[in-house]
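Working through the structure, step by step
One letter stands for each residue in the lines below.
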Amino acid sequence: MSGLMLGVVGLIVFLILIFLRMPISFAMALVGFAGFSYMTSVSAAMNMVVRELFGNFSSYSLSVIPMFVWMGFLAYYSGIGSRLYIFAYKLIGHWPGGLAIATQTACAIFGAICGSNTATAATIGAIALPEMKKYKYDVSLATASVAAGGVLGVLIPPSVIFIVYGMATEQSIGKLFIAGIIPGILLMLLYQITISILTWRNPLLGPAGPRANWKERFSALRGGLGEVLLVFALSMGGLFVGWFTATEAGAIGAVGVLLSALAGRNISWEGFKKSLVDTTRTSAMIMLMVAGSIIFGRFMAISRVPFEMATWTGSLDLPPFVIMGIVLFIYLILGCFIDALAMILLTIPIFYPIVVDTLGYDPIWFGVIIVLVVGMGVITPPVGMNVYILKGIVPEVPLEVIFRGIWPFLIAIIVCLALLMMFPQIVSFLPNLLTK
Amino acid sequence: MKQFSGLVQRISRSLDIMAGFCIVATMVIVVLNVVLRVFLRKPLLGTMDYVTLLMALTIGLGLAYCGFNNGHIAVDLIIEKFPKKTQAFIDAITNLISLIFWGIVAWYMAEYARTMALSNLVAPTIQIPLSPVIYVISFGLLILCFVILLKIIASVRKVAQ
């Protein structure tokens, strides 16, 4: 069997295994090992596997993952999310659709200390949904706005997906982080415009809540916004101006959230322990997936699949944006079935050379675009991870009802994507400003 | 069986608690290094070595409990459409394949640790030998195998019912 043929067979076997519910990281490592063995020898392949496992687990650059994951879970268990939400809705809750609009603001601010879209959706959802229920918001709008808001969590730094993308493509994590800020704010505004249009057309979707007076607003302001801004300024700011490495920014962020939670007596010993259990679990999952994808990538590299694909695409007589469109379409379809992180790890070795080397797109820009596209994946049926998370918070709401509310938000993401494609400066402006 | 399952849970949970300590230790060392570097201009020597070894320990120790809690992400979507017994049968097979694979990896990892010990490989700055850390990863993988074995037994029982 030729290398190329073997690579294609390997990809098919991998897909079969994951659709038979084998954990994605296991399937990547196993197929990578099997293919590598076939092309070299079993002992060479096993040596490669153990070296890659140890090499990745003990990689300084990957140590950034547990730090940012812990920072996110500390924020989750210390209840910063709920205080942020209270602040946002005291400010704009009296608008029609105001609670849903406030949800987007809270998701965006929470995203500034949490790097995961599911954690953002779960945190804000747990507090925002009961409130919206109280004020008789349409269930579909309420749940969908939280699920979609979760995407802001990965776009606004820190972001686990940016870290993994940066590792896989050797791009600066600091640059990726800073590149996500403006698109993140843009998407938040687009979501809020979407909600305003929906509630303007049908006010019953989001009845206005009670108006808070300025005293209440100021007291809510003290509740969480200050802490978040301080921690964000310290950890992200330090990273952007080059004082810290990414790992240091993560550790400083974690210690910042922990100290502010302790100072405000907002975290219990139980919550602290839970944050650690969740962090070890999530880190083990991510790191094994990263190592698995590298083992799989080693097999792909010797099978020459990525090289042949890139050459083939290069020979196509199509304008770059059409090929880019096809690549994004593939991401969108895959994203409906496969977890965002796994998908990025799996596809980067194949698509990155095409998009960046052959078509000449900017790698940082491509990173932001990918995060948006996989963001669509986490809210579209049938997999839509965020939707399942919300289903866990409000079990009585049928999945179809949540998915029905998702469509307007999907359109908002598509508009955001189109804007970023037409005006790449939206992404490159801040990173360029910083490197000058 | 219940005893075995309880034992595996206790061991993987204990390893996970140690992994949690490693995370806290990593944070303390990294922050201490930043503070010393910024305020006293004396960075903590060997920070990078400590961090990389602690990370390897965190992941090695955390793998099994992550598996115990079904933390390794899998795609449920298609298999959920099958009857329960078929699902259990397929789970038993895929888990058996995983068990064999990780069993071999655990063994090779221990071998790798042994060769590292023989060649006396140490972390560059702090001069701590690497082999114990690799043995820990190998042990973590072994416990992961026991966790997978538990899942196989559970699936086989479902099929036999």
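Just so we're clear, the structure is a prediction, and the values are computed from it rather than from any experiment.

What to know about the overall build of chain B
A tally of regular secondary structure across chain B gives four helices and zero strands. The C-alpha atoms of chain B give 20 Å as radius of gyration, which overshoots the globular expectation for 161 residues (15 Å, by more than 25%). In terms of its C-alpha atoms, chain B occupies a principal-axis envelope of roughly 65 × 35 × 30 Å. The burial tally for chain B puts 48% of its 161 residues in the buried class. For chain B, contacts bridging at least 24 residues in sequence account for 77% of all contacts bridging at least 6. Put simply, chain B shows about 8200 Å² of open surface, and 69% of that area lies on carbon and sulfur atoms.

Describing the overall build of chain A
Assigned secondary structure in chain A consists of 21 helices and zero strands. Against the compact-globule benchmark of 22 Å for 436 residues, chain A has a radius of gyration of 22 Å, which places it among compact chains. Overall, chain A is about 70 × 50 × 45 Å in size when its C-alpha atoms are taken along their principal axes. In chain A, once contacts between residues fewer than 6 apart in sequence are set aside, the share between residues at least 24 apart is 80%. For chain A, the exposed surface amounts to about 16300 Å²; the carbon and sulfur share of it is 70%. Each charge sign in chain A was given a centre, from 22 positive and 16 negative side chains, and these centres are 11 Å apart.

Quick look at a nonpolar patch on the surface
Residue and element names in this part refer to chain A. Taken together, the side chains of Met1, Met5, Val9, Val13, Tyr38, Met39 and Ile302 define a hydrophobic patch exposed on the protein surface, amounting to about 620 Å² of accessible area. Elements with a contribution of two residues or more to the nonpolar patch: helix H1 (3-19) and helix H2 (24-39). With three residues, H1 is the largest single contributor of residues to the nonpolar patch. Tracing the backbone through its elements, the reader meets methionine 5 in helix H1.

Describing the interface of chain A and chain B
At the junction of the two partners, chain A supplies 50 residues and chain B supplies 52 residues. The largest share of the area that chain A buries against chain B comes from Arg21, Phe54 and Phe57 of chain A, three residues that together contribute 16% of it. Applying the counting rule to chain A against chain B returns two salt bridges. Here arginine 21 of chain A and aspartate 91 of chain B are joined by a salt bridge, their closest N and O atoms 2.8 Å apart. Between chain A and chain B we count seven residue pairs in polar contact (both at pLDDT 80 or more) in total. The set of elements that each furnish at least two residues to the side of chain A that touches chain B consists of H1, H2, helix H3 (42-57), helix H4 (64-77), helix H13 (246-263) and helix H14 (269-303) of chain A. Along the lines of polarity and charge, the residues of the side of chain A that touches chain B split into 36 nonpolar, nine polar and five charged.

Focus: the packing of aromatic side chains
For the coordinates displayed, the defined rule picks out 19 aromatic pairs over all chains. A ring pair is formed by tyrosine 361 of chain A and tryptophan 365 of chain A, whose centres lie 5.0 Å apart and whose planes are at 15°; its orientation type is stacked. Grouping aromatic residues by their ring pairs yields a cluster made of Phe26 and Phe33 of chain A together with Phe101 and Trp102 of chain B. Above the ring of tryptophan 214 of chain A, the side-chain terminus of arginine 217 of chain A is found at 4.4 Å from the ring centroid.

Considering the confidence of the model for chain B
When pLDDT drops low, the exact placement of atoms in the prediction is not to be read closely. Confidence along chain B averages 93 in pLDDT terms, with 100% of residues attaining 70 or more. Mean pLDDT across the elements of chain B ranges from a minimum in helix H1 (residues 2-40) of chain B, with 94, to a maximum in helix H4 (residues 131-160) of chain B, with 96.

Quick look at the packing of helix H5 (residues 80-92) of chain A against helix H7 (residues 117-134) of chain A
Residue and element names in this part refer to chain A. Closest axis-to-axis distance for the H5/H7 pair is 8 Å, and the angle between their directions is 45°. Our classification of the angle between H5 and H7 gives oblique. In terms of crossing hand, the pair formed by H5 and H7 is right-handed. Where H5 abuts H7, its residues Gly81, Ser82, Tyr85 and Tyr89 lie against Thr123, Ile124, Ile127, Ala128, Glu131 and Met132. Taken together, the residues of the contact of H5 with H7 sort by class into six nonpolar, three polar and one charged.

Observations concerning the nonpolar core
Ranked by internal contacts, the top residues of the largest apolar core, which has 224 residues, are Ile24, Leu53, Phe57, Tyr85 and Met132 of chain A together with Trp102 of chain B. The contacts of isoleucine 24 of chain A, once residues within four sequence positions are left out, are Phe14, Ile18, Met289, Ile338, Asp339 and Ala342 of chain A together with Ile73, Ala74 and Val75 of chain B.

Section: the environment of phenylalanine 110 of chain A
All names here are of chain A. Looking at where phenylalanine 110 falls in the secondary structure, it is placed in helix H6 (residues 98-111). Assessed through its relative accessible area of 0%, phenylalanine 110 is described here as buried. Taking C-alpha positions, phenylalanine 110 is 8.9 Å from leucine 152, a pair spaced 42 residues apart along the chain. Sequence-distant contacts of phenylalanine 110, defined by excluding residues within four places in its chain, comprise Ala75, Tyr76, Gly81, Leu84, Ala119, Thr120, Thr123 and Ile124.

What to know about the pattern of salt bridges
Residues and elements named next belong to chain A. Applying the stated criterion to the full structure yields nine salt bridges over all chains. Between aspartate 278 and arginine 281 there is a salt bridge; the shortest N-O distance is 3.2 Å. On the criterion of helical spacing, the pair formed by aspartate 278 and arginine 281 is a turn pair, its members being three residues apart in helix H14. Take aspartate 278: its relative accessible area is 12%, and that puts it in the buried class. Arginine 281 gets classed as partly exposed once you look at its relative accessible area, which sits at 27%.

Examining unusual backbone geometry
Looking along the chain, the bond that leaves proline 157 of chain A and enters proline 158 of chain A is cis, with omega of -5°. When you line up the elements, proline 158 of chain A lands in the loop between helix H8 (139-155) and helix H9 (160-169). Backbone geometry places asparagine 70 of chain B, a non-glycine residue, at a positive phi of 55°. Take asparagine 70 of chain B: it is sitting in the loop between helix H2 (47-68) and helix H3 (84-118).

Overview of the packing of H9 of chain A against helix H10 (residues 173-201) of chain A
The relative placement of two packed helices comes down to the angle between their axes together with the axis-to-axis distance. Residue and element names in this part refer to chain A. Where H9 meets H10, the axes come as close as 9 Å, and the angle between the chain directions of the two elements is 140°. Relative to H10, the element H9 lies oblique. Classified by chirality, the crossing of H10 by H9 is right-handed. Contacts between H9 and H10 involve Phe162, Ile163, Tyr165, Gly166 and Met167 on the former and, on the latter, Ile173, Leu176, Phe177 and Gly180.

Here we look at the side chain of threonine 280 of chain A
Mapped onto the elements of the fold, threonine 280 of chain A is located in helix H14. If we skip the residues at most four places from it in the chain, threonine 280 of chain A touches Asp16, Ala19, Gly20, Ile23 and Thr58 of chain B.

Observations concerning the side chain of aspartate 91 of chain B
The residue aspartate 91 of chain B is located in helix H3 in this model. In contact with aspartate 91 of chain B, other than residues within four places in its own chain, are Leu20 and Arg21 of chain A together with Ile79 and Ser155 of chain B.

Focus on the state of the cysteines
Residues and elements named next belong to chain B. Considering all chains together, one arrives at zero disulfides over all chains under this definition. Here cysteine 66 stays unpaired: no disulfide links it, and the sulfur of cysteine 145, its closest cysteine neighbor, is 14 Å away. Residue cysteine 66 is classed as buried on the basis of its relative accessible area of 1%.

What counts as what
Residues numbered from 1 in each chain as written. Chains lettered and ligands numbered in written order. Predicted model: local features only at pLDDT ≥ 70, side-chain atom pairs only at ≥ 80, totals over all residues. Heavy atoms only, no water. Helix = DSSP H or I, 4+ residues; strand = E, 2+ residues; numbered from the N terminus. Rg over C-alpha atoms; globule rule 2.2 N^0.38 Å. Buried < 20%, exposed > 50% of the residue type's maximum accessible area, 1.4 Å probe, protein only. Contact = heavy atoms within 4.5 Å. Areas by Shrake-Rupley, 256 points an atom, 1.4 Å probe, with all protein chains shown as cover. Lys, Arg positive; Asp, Glu negative; His and termini not counted. Charge placed at Lys NZ, Arg CZ, Asp CG, Glu CD. Patch = residues over 30% accessible without salt bridge, like charges linked within 9 Å, V, L, I, M, F, W, Y side chains within 5 Å. Salt bridge = Lys/Arg side-chain N within 4 Å of Asp/Glu carboxyl O. Buried area = accessible area lost by both parts, 1.4 Å probe. Polar contact = N/O pair within 3.5 Å; in protein donor to acceptor, adjacent residues only side chain to side chain. Nonpolar A, V, L, I, M, F, W, Y, C, P; charged D, E, K, R; others polar. Phe/Tyr/Trp six-rings, centres within 6.5 Å; stacked < 30°, edge-to-face > 60°. Lys NZ or Arg CZ within 6 Å of the ring centre and 35° of its normal. pLDDT = per-residue confidence, 0-100. Axes fitted to C-alpha atoms, helices over the stretch in contact; angles between N-to-C directions. Parallel < 35°, antiparallel > 145°, perpendicular 65-115°, else oblique. Left-handed = near helix turned anticlockwise from the far one by under 90°. Core = buried A, V, L, I, M, F, W, Y, C linked by side-chain atoms within 4.5 Å. Disulfide = S-S within 2.5 Å.

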